[in-house]
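The chain contents come next:
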Amino acid sequence: MKTAIRLPGSLAAWETSEFEETLKREVGRLTGEMLPLQAALTHGSYASDKVSGVILLSTSESADSVIIKAGLHFTGVIAGCTCADAPTPNNETIEYCEVLIEIDRKSARASISLLPDA
């Protein structure tokens with residue numbers, strides 16, 4: 001069963017100077033299971049469980065929700081390249097994706113979806 005995502009701190013901080021830092025902190029605590037990291041891979045074959053950085057790209061709002069476009073940095077792992085004689089034993093790669101986050105104004109429930117490449 002998928003865990004419900006709630007971002008109550010971000011909702012409470014909306015339209016304040018604390019919003020960006022609060023959003024980054026709350027999204028940074030989400031697990032890879034809650035985020036579309038695996039689907040966003042471009043180089044690796046397995047996504048890490050956490051984001052390493054959150055970039056706020058844009059914000060808007062509707063009557064029912066706060067809408068955020070954000071960039072996520074995370075680590076991807078290239079499986080099968082850790083042989084002793086491999087010329088590059090480093091099997092991690094930095095990945096990036098952009099997501100749309102919609103936070104319901106009443107419940108603070110959030111939906112996070114992967115945005116297509118621009």
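Everything quoted here is computed from the prediction, not taken from an experiment. (Residues numbered from 1 in each chain as written. Predicted model: local features only at pLDDT ≥ 70, side-chain atom pairs only at ≥ 80, totals over all residues. Heavy atoms only, no water.)

Caption draft 1: Inspection of the sheet that holds strand β3 (residues 92-104) at higher detail. Reading across the sheet, the four strands line up as β1-β2-β3-β4 and stay open at both edges, with antiparallel pairing between neighbours. The open sheet has two free edges, formed respectively by β1 (46-61) and β4 (110-114), since each of these has just one partner strand. Shown here is a sheet whose adjacent strand axes are inclined to one another by a mean of 30 degrees, direction ignored. Relative to β4, β3 is paired through five bridges, and the arrangement is antiparallel. Each residue of the ladder has a partner; that of leucine 100, found in β4, is serine 113. Its contacts with the sheet place helix α2 (residues 19-28) against β1, β2 (65-77) and β3, and it is angled at close to 155 degrees to β1. (Pairing = 2+ DSSP bridges. Helix = DSSP H or I, 4+ residues; strand = E, 2+ residues; numbered from the N terminus. Axes fitted to C-alpha atoms, helices over the stretch in contact; angles between N-to-C directions. Contact = heavy atoms within 4.5 Å.)

Caption draft 2: Expanded view of the environment of threonine 16. With respect to the helices and strands, threonine 16 occurs in the loop between α1 (8-13) and α2. Within the structure, the side chain of threonine 16 is placed 2.6 Å from the backbone oxygen of alanine 13, a separation counted as a polar contact. (Polar contact = N/O pair within 3.5 Å; in protein donor to acceptor, adjacent residues only side chain to side chain.)

Caption draft 3: Representation of the pattern of salt bridges within the structure. Tallying each qualifying case throughout the model produces three salt bridges. Ionic pairing is found between lysine 24 and glutamate 20, a salt bridge with its closest N-O pair at 3.2 Å. Here the residue lysine 24 and the residue glutamate 20 both occupy positions in helix α2, the gap between them amounting to four residues, near one helical turn. Given a relative accessible area of 27%, lysine 24 falls into the partly exposed group. The closest approach of N and O atoms between lysine 69 and glutamate 98, which form a salt bridge, is 3.7 Å. Highlighted residues: lysine 69 in strand β2 and glutamate 98 in strand β3, separated in sequence by 29 residues. A residue is classified by how much of its surface remains accessible, and lysine 69, at 32% relative accessible area, is partly exposed. (Salt bridge = Lys/Arg side-chain N within 4 Å of Asp/Glu carboxyl O. Buried < 20%, exposed > 50% of the residue type's maximum accessible area, 1.4 Å probe, protein only.)

Caption draft 4: Spotlight on the packing of aromatic side chains. Under the criterion given, the structure shown has one aromatic pair. Measuring from centroid to centroid gives 5.0 Å for tryptophan 14 and phenylalanine 19, while their planes differ by 80 degrees, and the two rings are edge-to-face. (Phe/Tyr/Trp six-rings, centres within 6.5 Å; stacked < 30°, edge-to-face > 60°.)

Caption draft 5: Fine view of the nonpolar core. Core analysis: the largest hydrophobic core is formed by 29 residues, its most contacted members being Leu7, Leu37, Ile68, Leu72, Ile101 and Ile103. For this core, the secondary-structure elements that each account for two or more residues are α1, α2, α3 (37-40), β1, β2, β3 and β4. At five residues, the largest contribution of residues to this core is made by β2. In this view, leucine 7 contacts Leu23, Glu26, Val27, Ile101, Ile103, Ala108 and Ala110; residues no more than four positions away in its chain are not counted. (Core = buried A, V, L, I, M, F, W, Y, C linked by side-chain atoms within 4.5 Å.)

Everything listed is a geometric property; what it means functionally is a separate question.
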